[in-house]
Amino acid sequence: MADRPAPLEYNRTWPMRLWLGGVFFFLYAPLIALMAFSFNDSKRTIVWRGFTFDHYKKLFNNNELMLAFANSLTIAFITTLISVVLGALAAVMLWRFRFRFKGAIEGALALPIVVPEICMGVAMLVFFARVMPWPNDLIWPFSLGAIIIAHVSFCFPFVTMVVRARLASFNKEQEEAARDLGASDWEAFRDVLLPHMKPALIAGALLSFTLSLDDFVITFFTSGPNTVTFPVKVYSMVRFSVTPEVNAASTMLIVLTVVLMALMMLGQRKSTTAK
Amino acid sequence: MLNRDGQSRSTFWATVLPPTLWVAVFFLVPLGIVWLYSFGQNEGLTGISLTGTFANYVRAFDPLYLQIFAKSIFVAGLTTLLCLIIGFPVALAIVFADEKSRTWLLMLVMLPFWTNLLIRTYALIAVLRTEGFANFTLEWLWNNASGVMTFAGLAPLGDFQPLQLLYNNFAVVVGLVYVHLPFMVLPLYAALDRLDKSLMEASLDLGAGHLRTLFSIVVPLAMPGIVSGVIITFVPALGAYLTPDLLGGPDSQMIANVIERQFKRANDWPFGAALSFLLMYATFIAIAMRSYLTRGKAVDAHGI
């Protein structure tokens, strides 16, 4: 008992430490077990039988699962490209212009963030079944179009949110100066505003990439038999049984997510130190 | 059309049109069609005629569906309460951590949030199923306890019966808490972080205990954050589809599962559409409540 914690040093008291330990165990133990058992040399049991890469080999030979993985990455990539452009435009629109119906448009752009996923999923199902049937004999990646459209619809409002927050700190005089010195609308945007928005654009891009990669419910309602994404494929596998192959596939996706998140944190740190 | 900075009309349209058109065509139109369908009825195998009937909404108030609505609200509410109880100390710990461990703690809370929902649910299945980790640990404890009792000269406990932890309401609540905890911790943290710590010190100096300080100083000041966290957790939990579908049993269906069934298996789109819109209205009411309850209360510890 060298020194007792000061009154507000709650984190040094044992009940707090126990609580935190318990919560993080609850959050992480299932995921860590899942990752660890992707290397387990046994098909069914949860008892450790030795280290192996077999499940990964099987995974890479499982064409359906690999195709679903490739589909997911392609969809996430294209979704991100479109979402960043649309999201940035919407953010600039809400920040710069005053016009009639602005409030209505602002509300409409916030709607995809709050509407329950299931409602958006069935809306997309109805839309692509009745209004704009997506031809299912298109060549890859155009066959993924319906899913990409649905993903962009729920991703780009998030990009708008992030970029808008960043624009609030922009000093408009900089842009006015550029225009006084003869820059056109486009030049002022490209050379002055865009560099300021860059960190938010990167954060928004990573956000929409993860959201798209993550989505199950909305994709479930828009994907056809030939356009299966990774979560939809895993869903159909999980319904039947727990297999180490799914563990291996999940581990790969978790690692990808962690890498993306590390990149985002690094980017944020850079942009805050640059200021 | 006013534009402040004297920019050309074409710049204005180039900025406004693409996002507005996208959200109108690929979001509002689909939702609008679902809304119209909710006043329609099935005709033949695939046709739906928009008759303007309220029959679908009336059917939603059938005791069978009312019960599922009530159950969804109860499960989402219980999830939110558990998240609040579990998450509050975590948010408090993050606020009181030093700069460096704070970043780490925040990241630890957010990382599962970024991990694929399906993977997290799958991980829970592996823990909870009859031959899963939870039962495995319990069996180990049981056998050891049994061994100790034999050693002490008592009758052994008998064979271990694995607990049915999966495919019931218990699993659904565990799954929802597991998935939604970060939704609660982050707004709580944001509110607690702005709290003036000297108020807590003053309370402690003046003789209040830690619990009293917590309930009479911290909780009232953090109320806007608590309300935000509660709503932000409740809304997605109410509309949860995947968790009850994969972890629940036949009696743990929530409203989203019923909607899915109407659209995919039962093929009764008008009724499914009506249920979707009822869920959406419930969501909007919750969000409106949040802005009503936190209105005018800037999250500012000094504005007592």
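Predicted model only: the values in this text are computed from it and were never measured. Sequence positions are assigned chain by chain, starting from 1 and proceeding in written order. Going through the entries in the order they are written, you letter the chains from A and number the ligands from 1. The predicted nature of this model means local features are confined to residues of pLDDT at least 70 and side-chain atom pairs, given and counted, to a pLDDT of 80 or more, with totals for whole chains, interfaces and linings taken over all residues. Heavy atoms throughout the structure, all of them, feed into the side-chain values; hydrogens and water do not.

**Q** Please clarify how the overall build of chain A should be interpreted in this entry.
**A** Here a strand is any run of E in DSSP of at least two residues, a helix any run of H or I of at least four, and the numbering for each starts at the N terminus. Looking only at helices and strands, chain A has 11 helices and zero strands in total. Starting at the N terminus and ending at the C terminus, chain A contains elements arranged as α-α-α-α-α-α-α-α-α-α-α. In summary, chain A has a C-alpha radius of gyration of 23 Å against a globular reference of 19 Å for 275 residues, an excess of more than 25%. Expressed as lengths along the three principal axes of its C-alpha atoms, the size of chain A is roughly 70 × 70 × 30 Å. Contacts spanning at least 24 positions in sequence make up 70% of the contacts within chain A whose residues lie at least 6 apart. The Shrake-Rupley method, run with a 1.4 Å probe sphere, supplies the accessible areas, and residue values consider only the shown protein chains as cover. Total accessible area computed for chain A in this model is approximately 13,400 Å², and 67% of it derives from carbon and sulfur atoms. When charges are counted, Lys and Arg are positive and Asp and Glu negative, with His and the chain ends excluded. Charged side chains are reduced to one point each, which is NZ for Lys, CZ for Arg, CG for Asp and CD for Glu. Positive and negative charge centroids in chain A, built from 24 and 18 side chains respectively, lie 5 Å apart. C-alpha atoms define the radius of gyration in this analysis, and the globule rule sets the expected value at 2.2 Å times the number of residues to the power 0.38. Residue contacts are counted whenever heavy atoms from the two residues lie within 4.5 Å of one another.

**Q** Got a minute to help me understand the nonpolar core in this structure?
**A** Nonpolar side chains in soluble globular proteins tend to end up buried together. Residues grouped as a nonpolar core are buried Ala, Val, Leu, Ile, Met, Phe, Trp, Tyr and Cys residues, joined through side-chain atoms within 4.5 Å. Three exposure classes are used, based on accessible area relative to the maximum for each residue type with a 1.4 Å probe and protein chains only: buried under 20%, partly exposed in between, and exposed over 50%. Ranked by internal contacts, the top residues of the largest apolar core, which has 159 residues, are Ile118(A), Phe88(B) and Leu192(B). Looking at this core, the element that brings in the most residues is helix α3 (residues 63–96) of chain B, giving 14 residues. Start and end points for every domain follow an automatic or database-based domain assignment. Counting contributing residues per domain, this core is built from domain 1 (10–54) and domain 2 (63–274) of chain A, each supplying no fewer than three. Ignoring anything within four residues of it in the chain, the contact list for Leu192(B) reads Phe88(B), Ala91(B), Leu92(B), Val95(B), Val218(B) and Ala222(B). Counting 16 residues, the second largest nonpolar core, distinct from the first, contains Ala88(A), Val92(A), Ala188(A) and Val192(A).

**Q** Before we go on, may I ask you to explain the interface of chain A and chain B in this structure?
**A** A common measure of how large an interface is: the accessible area buried when the components associate. Counting residues at the interface gives 85 residues for chain A and 90 residues for chain B. Here the quantity called buried area is the total loss of accessible area, with a 1.4 Å probe, experienced by two parts when brought into contact, counted for both. Buried area between chain A and chain B, summed over both chains or domains, comes out near 8,300 Å², and the portion from carbon and sulfur atoms is 77%. What makes a salt bridge here is a side-chain nitrogen of Lys or Arg within 4 Å of a carboxyl oxygen of Asp or Glu, nothing more. Summed over the shared surface of chain A and chain B, the result is zero salt bridges. In the analysis that follows, any N or O atom pair within 3.5 Å is treated as a polar contact, provided that within protein one partner can donate a hydrogen and the other can accept it, and provided that, for residues neighboring in sequence, both atoms belong to side chains. Our count for the contact surface shared by chain A and chain B stands at 12 residue pairs in polar contact (both at pLDDT 80 or more). As a working rule, the residues Ala, Val, Leu, Ile, Met, Phe, Trp, Tyr, Cys and Pro are called nonpolar, Asp, Glu, Lys and Arg charged, and the rest polar, with Gly in that last group. Here the side of chain A that touches chain B is built from residues that sort into 68 nonpolar, seven polar and 10 charged.

**Q** Help me out: how do you make sense of helix α4 (residues 102–114) of chain A in this one?
**A** Structurally, the α-helix is built with 3.6 residues per turn, so residues lying three or four positions apart point the same way. Residue and element names in this part refer to chain A. Expected helix span is taken as 1.5 Å per residue step, with the number of steps being one fewer than the number of residues. Over its 13 residues, α4 extends 19 Å from the first C-alpha to the last, a length consistent with the 18 Å expected when each residue adds 1.5 Å. Turning to α4, its buried residues number three or more, namely Lys102, Ile105, Ala108, Leu109 and Pro112. Around the axis of α4, the buried residues are gathered within 130° of arc, so they sit on the same side. Set apart from the buried face of α4 by more than 90 degrees, the exposed residues are Gly103 and Ala104. Read the arc as the range of directions from the helix axis to the C-beta atoms.

**Q** Just to check I follow, could you spell out helix α10 (residues 230–240) of chain A for this structure?
**A** Burial of α10(A) is extensive: eight of the 11 residues sit out of reach of the surface. Every buried residue belonging to α10(A) is among Phe230(A), Pro231(A), Val232(A), Lys233(A), Val234(A), Tyr235(A), Met237(A) and Val238(A), and all of these are buried.

**Q** Where do I start with the confidence of the model for chain B in this structure?
**A** Low-pLDDT stretches of the model should not have their predicted coordinates read in fine detail. All names here are of chain B. Known as pLDDT, the predictor's confidence for each residue is given on a scale from 0 to 100. Averaged over every residue, the pLDDT of chain B is 85; the share at 70 or more is 94%. Ranking the elements of chain B by mean pLDDT puts strand β2 (residues 47–49) last, at 77, and α3 first, at 93. Within the model, pLDDT remains below 50 along residues 1–5, and this stretch shows 13 contacts once partners closer than five positions in the same chain are excluded. Note on residues 298–304: pLDDT under 50 across the span, and 10 contacts to partners over four residues away in sequence or across chains. Both scores are given for the predicted complex: the pTM is 0.87, the ipTM 0.86.

**Q** Please clarify how the packing of helix α6 (residues 145–167) of chain A against helix α1 (residues 9–37) of chain B should be interpreted in this entry.
**A** How two helices pack is summed up by the angle between their axes together with the distance between the axes. Lines fitted to the C-alpha atoms define the axes, with helices restricted to the stretch that makes contact. Angles between their N-to-C directions range from 0 to 180 degrees. Where α6(A) contacts α1(B), the two axes come as close as 10 Å, and the packing angle between them is 120°. By the angle class used here, α6(A) and α1(B) are oblique. Considering the relative orientation of α6(A) and α1(B), their crossing is left-handed. Contact residues: α6(A) offers Ile149(A), Val152(A), Ser153(A) and Phe156(A), while α1(B) offers Pro19(B), Trp22(B), Val23(B) and Phe26(B). Here the residues of the contact of α6(A) with α1(B) sort into seven nonpolar, one polar and no charged. When describing relative orientation, an angle under 35 degrees is termed roughly parallel and one over 145 degrees roughly antiparallel, while 65 to 115 degrees is termed roughly perpendicular and anything else oblique. Crossing handedness: left-handed means the near helix sits turned counterclockwise from the far one by under a right angle, and right-handed means the same turn made clockwise.

**Q** Looking at this model, I keep getting lost on the environment of Asn136(A). Mind explaining?
**A** Residues and elements named next belong to chain A. Checked against the element boundaries, Asn136 lands in the loop between α5 (117–131) and α6. Residue classification places Asn136 among the exposed positions, given a relative accessible area of 67%. C-alpha separation for the pair Asn136 and Ala29, spaced 107 residues apart in sequence, amounts to 42 Å.

**Q** I keep staring at a nonpolar patch on the surface and nothing clicks. Help me out?
**A** Residue and element names in this part refer to chain B. For patch detection, residues must exceed 30% relative accessible area and be free of salt bridges, and they are connected within 9 Å for like charges or within 5 Å for nonpolar side chains (Val, Leu, Ile, Met, Phe, Trp, Tyr). Taken together, the side chains of Trp35, Leu36, Leu50, Tyr281 and Phe284 present a nonpolar region at the surface, about 460 Å² in accessible area. Secondary-structure elements contributing two or more residues to the nonpolar patch are α1 and α13 (269–293). Here Phe284 is to be found in helix α13.

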